Amino acid sequence: MNLAEYLFMFLVFPGLLFSGAAGLVIGWVDRKVTAMLQWRVGPPWYQNFLDTAKLLLYKETLIPKGIARGYFLGMPLLALSAATLASTVLLSANGSTRAGFLGDVIVVVYLLMMPPIALMLGAFSSANTLATVGASREIKLMLSYELPFLLALSVPIVKSGYALKLGDIINYQAANGAVIGSPSGVLSFLAMIFCIQAKLGFVPFDMPEAETELMAGVYIEYSGKALGFFKLAKSIMIFALPVLIVTLYCGGVGSGGVVDIMKGALEYIAIVFIMILIKNTNPRVRIDHAMKFFWGPVAFLAALSCVLAVMGY
Amino acid sequence: MGLRETILSKSIYVFHLSSGSCNNCDIEILDCLTPRYDLERFGITLVGSIRHADVLLCTGSTNRLTVPIIKKLYEEMPKPAFVVAFGACGSSRGLFKDSYNTGQPLDEIIPVDAYIPGCPPKPEAIIGGLMKLIGKIKEKNKGK
């Protein structure tokens, strides 16, 4: 593969253009299902495209006086490029099991950690009190969910004979059945769903941007293009994280034939639906409750599943 | 219709400012987002930060304490931005017209694009005012 092909992959097909569009559509599914659960009609399917286009094309980008401009404007770009790269690696490994490289699971985990870190640094550099409170909550939340996330993530790796390559994990599941079919797989899948919810900042764990108490928290000083980049990065995360779950637990989104792709799409939609239902049936918890929840029951669940996986269940 | 006209008139983020209102208008604004009227259908969302807003929705008769805040918020809004005067007080100071404390109406402080009269305005009147605002946005960005 040459540079032009890599650039095409990053910017157009599994990358920025495709993942961005898919993420905005999934964001609309979230808004529409939320509206239907509240007996409302909800926005049309292109609403998120209009919102993002408005921020990227027409709105002014304001920079507060006396702040670190480099950090403030660089962090949205970092978040967007990290999320896009994570999505590209995930989807290309799904497309062809030989496309990945050794250790791409670890690379994906690192890349998925970058958008929250970028958001936190951007919020600190904007020198706003509410943004600072939001950013400190973002750090605490990240410290909380990373431990069970990594423990749960090790289950598919252990199950597939310590394979550190997404393609090998998919191949193992194609030969021996999905990881979610085993007891350890079910437990770690449950822990993973909660971690994903927190990673996306969905409602029980949306303390960093608590819209009623912190007024958008970490995003409060961002406007125009910078805000648009953050929103787009979040949309790509909303698209990519369920793909990660389907890849690790249900044998990939599929690339061999129509039936395979339909099965992958159904699993994907089911996981998105679970996330939206959790979002709509829970109130926001306090940050110390979230920390207790993740380091207590969820970490225990993930550790138990890890032990079971090593024992061969 | 031009692209700019379409996008700006169909995606409206509203920042709600109470410049000394009696809270009645504020309750009516929230009513518009409930199932019966559901303004999210038209792409209208309430946002918490003035930096995200397209429309400044100002309720209440402006008084001496809130005038500097209104001016500051208007300057902090990323342009293109629009202002809506909400309720009888926001539009014309209402029954506080001769009060010692309300110096000037909202449209003498910042430029106002649409007025929604009523005390408080009914949700139907709010949707009517919204159509006036969308007309104004389209007029300002015609053919761009």
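Counting restarts for each chain: residues are numbered from 1 in the order of the written sequence. Going through the entries in the order they are written, you letter the chains from A and number the ligands from 1. Two thresholds apply to this predicted model, a pLDDT of at least 70 for residue-level local features and 80 or more for giving and counting side-chain atom pairs, whereas whole-chain, interface and lining totals are computed over all residues.

Peer 1: Sorry if this is basic, but what is going on with the overall build of chain B here?
Peer 2: Note on conventions: DSSP H or I runs of at least 4 residues are helices, E runs of at least 2 residues are strands, and numbering of each starts at the N terminus. A tally of helices and strands in chain B yields 5 helices and 5 strands. Listed by position from the N terminus, the elements making up chain B come as α-β-α-β-β-α-β-α-β-α. Taking the principal axes of its C-alpha atoms as reference, chain B extends roughly 45 × 35 × 25 Å. Burial is judged by counting the other C-beta atoms within 10 Å of a residue's own C-beta: 20 or more makes it buried, 12 or fewer makes it exposed, and any count in between marks it as partly exposed, with every C-beta position built from the backbone. Buried positions account for 41% of the 144 residues belonging to chain B. Put simply, of all contacts in chain B between residues at least 6 apart along the chain, 81% involve residues at least 24 apart. The contact criterion used here is simple: two residues whose C-beta atoms, placed from the backbone, lie within 7 Å are in contact.

Peer 1: What should I look at first to understand the nonpolar core in this one?
Peer 2: Residue and element names in this part refer to chain A. Connectivity within a nonpolar core runs through C-beta atoms within 7 Å, and the core itself is a set of buried Ala, Val, Leu, Ile, Met, Phe, Trp, Tyr and Cys residues. Counting 90 residues, the largest nonpolar core has Ala 79, Ala 86 and Ala 240 as its most contacted members. Mapped by element, the contributors of at least two residues to this core are helix H4 (69-95), helix H5 (104-125), helix H6 (129-159), helix H7 (166-176), helix H8 (183-199), helix H9 (224-249), helix H10 (258-280) and helix H11 (287-311). Residue contributions to this core peak at 18 residues, all from H9. Apart from residues lying up to four places away in sequence, Ala 240 is in contact with Ser 19, Ala 83, Ala 86, Ser 87 and Leu 90.

Peer 1: Which parts of the structure should I look at to understand the packing of H8(A) against H11(A)?
Peer 2: Packed helices, taken two at a time, are described by the angle their axes make and the gap between the axes. All names here are of chain A. Remark: H8 packs on H11, axes separated minimally by 8 Å, with the N-to-C direction vectors making an angle of 150°. The angle between the axes of H8 and H11 places the two elements in the roughly antiparallel class. As H8 runs across H11, the sense of the crossing is left-handed. The residues of H11 that touch H8, namely those facing Pro 183, Ser 184, Leu 187, Ser 188, Leu 190, Ala 191 and Phe 194, are Val 298, Leu 301, Ala 302, Leu 304, Ser 305, Leu 308 and Ala 309. The residue classification treats Ala, Val, Leu, Ile, Met, Phe, Trp, Tyr, Cys and Pro as nonpolar and Asp, Glu, Lys and Arg as charged. All others, Gly included, are polar. Classifying every residue of the contact of H8 with H11 by side-chain character gives 11 nonpolar, 3 polar and no charged. Helix axes use the C-alpha atoms of the stretch in contact, all axes being lines fitted to C-alpha atoms, and the angles between their N-to-C directions lie in the range 0 to 180 degrees. Put simply, angles under 35 degrees are roughly parallel, angles over 145 are roughly antiparallel, angles from 65 to 115 are roughly perpendicular, and the rest are oblique. Each crossing gets its hand from how the near helix is turned against the far one by less than a right angle, where anticlockwise is left-handed and clockwise is right-handed.

Peer 1: Can you help me understand the sheet that holds strand S3 (residues 55-59) of chain B in this one?
Peer 2: Pairing between sheet strands relies on hydrogen bonds along the backbone, with the strands arranged either parallel or antiparallel. Residue and element names in this part refer to chain B. Pairs of strands are assigned from DSSP output, requiring at least two bridges between the strands. Spatial ordering of the open sheet is given by S2-S1-S3-S4-S5, a layout of 5 strands whose pairing is parallel. The sheet is open, and its two edges are formed by strand S2 (44-46) and strand S5 (114-116), each paired on a single side. Averaged over all adjacent pairs, the angle separating strand axes in this sheet is 25°, with direction ignored. Pairing geometry for strand S4 (residues 82-86) and S5, over 3 bridges, is parallel. Opposite Phe 86, over in S5, you have Ile 116 as the bridge partner.

Peer 1: Looking at this structure, how should I read the interface of chain B and chain A?
Peer 2: Interface extent is often summarised as the accessible area lost during association of the parts. If you look at the interface, chain B gives 18 residues, while chain A gives 26 residues. Class assignment of the residues belonging to the side of chain B that touches chain A gives a composition of 6 nonpolar, 5 polar and 7 charged.

Peer 1: Teacher, can you tell me more about the pairing of strand S1 (residues 12-18) of chain B here?
Peer 2: Regular strands place their side chains on alternate faces of the sheet. All names here are of chain B. Bridging between S1 and S2 involves 3 bridges; their strand directions are parallel. The residue bridging Val 14 from the neighbouring strand is Leu 46, located in S2. Taking the sense of rotation as the criterion, the β-α-β connection linking S1, helix H2 (residues 24-31) and S2 turns out right-handed. Whether a crossover is right-handed comes down to one check: with the strands pointing away from the viewer, does the path from the first strand over the helix to the second run clockwise; if it does, it is right-handed.

Peer 1: Explain helix H5 (residues 123-140) of chain B here, please?
Peer 2: Residues separated by three or four positions in an α-helix point in the same direction, a consequence of the helix having 3.6 residues per turn. Residue and element names in this part refer to chain B. One less than the number of residues in a helix, times 1.5 Å, gives the span that helix is expected to have. With 18 residues, H5 should reach 26 Å at 1.5 Å per residue; the first-to-last C-alpha distance of 26 Å fits that figure. Turning to H5, its buried residues are Ile 126, Gly 129, Leu 130, Leu 133 and Ile 137. Axial view of H5: buried residues confined to an arc of 110°, hence all on one face. Facing away from the buried side of H5 by over 90 degrees, the exposed positions are Glu 124, Met 131 and Glu 139. An arc is given here, and it is the one of the directions from the helix axis to the C-beta atoms.

Peer 1: Help me understand unusual backbone geometry, please; the structure alone is not making it clear to me.
Peer 2: Working note: non-glycine residues mostly have negative phi, and peptide bonds are mostly trans. Residue Pro80(B) is bonded to the preceding Lys79(B) through a cis peptide linkage, with omega at 5°. Looking at the secondary structure, you find Pro80(B) in the loop between helix H3 (67-76) and S4. Of note, the amide linkage connecting Cys119(B) to Pro120(B) takes the cis form, showing an omega dihedral of -10°. You can see Pro120(B) is positioned in the loop between S5 and H5. A positive phi angle is found at Tyr162(A), which is not glycine, with a value near 55°. Mapped onto the elements of the fold, Tyr162(A) is located in the loop between H6 and H7. The exposure class assigned to Tyr162(A) is exposed, which follows from the 9 C-beta atoms found within 10 Å.

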